[in-house]
Amino acid sequence: MPEAGVVEGVFSDYVQDDVGEAEEGEAEKEMPEQQERTKKVIMMLQQSFTHKEKSAPLRFQHMIHPAEAAAPPTKHTAAVAFFELLGLNAKGFVKLEQKQAFGDITIAPKELLIKYAAKI
């Protein structure tokens, strides 16, 4: 069952599974796309936390796979989502918590996430 307020398919909208590794010199070209993806994740999290109860954290699994009927996310999609969350955690947008190894990750908003105005 999807969590209330979670936007479905947010990662699959901009992550392609057939993307190979970048060749030398391509990393500079991908930077604007990565920034756009980060902005999309910020906006998705803001929307999710706006619609959630204050006491209920967002779970990583529900974020990347909100609907039971939908196909599970690919490893690439899950890795991209995890990478974006790690970056947002390092920048002070969210707080990530994992109580046990390989357990689900909970995502809690920090003040910076709520105040940030992302524009695409």
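Quick look at the structure, then. Numbers given for residues are sequential positions, taken from 1 along each chain in its written order. Confidence filtering applies because this is a predicted model: local features only for residues at pLDDT of at least 70, side-chain atom pairs given and counted only at 80 or more, and all residues used for totals across whole chains, interfaces and linings. The basis for the side-chain values is all heavy atoms of the structure; hydrogens and waters are excluded.

**Quick notes on the overall build of the protein chain**
The line we're drawing: Secondary structure counts use DSSP, requiring at least four H or I residues in a row for a helix and at least two E residues in a row for a strand, with both numbered from the N terminus. Every residue pair with non-hydrogen atoms within 4.5 Å of one another is taken to be in contact.
Broken down by element type, the protein chain carries 4 helices and 3 strands. Order of helices (α) and strands (β) in the protein chain, N terminus to C terminus: α-β-α-α-β-β-α. Residue pairs at least 24 apart in sequence account for 64% of intrachain contacts in the protein chain once pairs closer than 6 positions are excluded.

**Observations concerning the sheet that holds strand 3 (residues 106–109)**
Definition in use: We call two strands paired when DSSP finds no fewer than two bridges between them. Inter-axis angles, ranging from 0 to 180 degrees, are taken between N-to-C directions of lines fitted to C-alpha atoms, where helices are fitted over the stretch in contact.
Across the sheet, which stays open at both edges, the 3 strands sit in the order 1-3-2 with antiparallel pairing between neighbours. Of all the strands in the sheet, the pair left with one neighbour each is strand 1 (58–59) and strand 2 (94–97). For strand 2 and strand 3, the ladder comprises 4 bridges, and the chain directions are antiparallel. In the strand pairing of strand 3, Leu96 is matched with Ile107. Along the sheet, helix 3 (residues 75–90) contacts strand 2 and strand 3; its crossing angle with strand 2, the most-contacted strand, is approximately 120°.

**Some details on the environment of Tyr116**
Examined against the element boundaries, Tyr116 turns out to sit in the segment after helix 4 (111–115). In sequence terms Tyr116 and Lys39 are 77 residues apart; their C-alpha atoms lie 9.9 Å from each other. Dropping the residues within four chain positions of it, Tyr116 is found in contact with Ile42, Gln46 and Phe93.

**Describing the side chain of Thr38**
Inspection of the secondary structure puts Thr38 in helix 1 (residues 27–51). Apart from the residues within four sequence positions on either side, Thr38 is in contact with Glu84 and Leu88.

**Concerning helix 3**
Operational definition: Residue count minus one, scaled by 1.5 Å, sets the expected span of a helix. Note on classification: 1.4 Å probe, protein chains only; a residue is buried when its accessible area is under 20% of the maximum for its type, exposed when over 50%, partly exposed between these limits. Think of it as the arc spanned by the lines of direction from the helix axis to the C-beta atoms.
In this model, helix 3 (16 residues) spans 22 Å end to end at C-alpha, consistent with the 22 Å of a helix rising 1.5 Å per residue. Every buried residue belonging to helix 3 is among Thr77, Val80, Ala81, Glu84, Leu85 and Leu88, and all of these are buried. The buried residues of helix 3 occupy an angular sector of 135° when the element is viewed end-on, so they sit on one face. Pointing more than 90 degrees away from the buried face of helix 3 are the exposed residues Lys75, Phe83 and Ala90. Backbone geometry just after helix 3 places Gly92 at a positive phi near 85°.

**Focus on the environment of His65**
Structurally, the position occupied by His65 is in the loop between helix 2 (60–64) and helix 3. A C-alpha to C-alpha distance of 9.1 Å links His65 and Ala78, two positions 13 residues apart in sequence.

**So, the packing of aromatic side chains**
Short version of the rule: Pairing of aromatic rings covers Phe, Tyr and Trp, the last counted by its six-membered ring, and requires centre-to-centre distances within 6.5 Å; plane angles under 30 degrees mean stacked, over 60 mean edge-to-face, and any other angle means tilted.
Taken as a whole, this structure holds 2 aromatic pairs when the rule is applied. Relative to Phe82, the ring of Phe60 has its centre 6.3 Å away and its plane inclined at 80°; by these criteria the two rings are edge-to-face. Here Phe60, found in helix 2, pairs with Phe82, found in helix 3; they are 22 residues apart in sequence, far enough to count as distant. Judged by its relative accessible area of 8%, Phe60 falls in the buried class. Note on Phe82: relative accessible area 33%, which makes it partly exposed. Relative to Tyr116, the ring of Phe93 has its centre 5.2 Å away and its plane inclined at 85°; by these criteria the two rings are edge-to-face. Here Tyr116 lies in the segment after helix 4 and Phe93 lies in the loop between helix 3 and strand 2, a separation of 23 residues in the sequence. Accessibility expressed as a relative area gives 8% for Phe93, which makes it buried.

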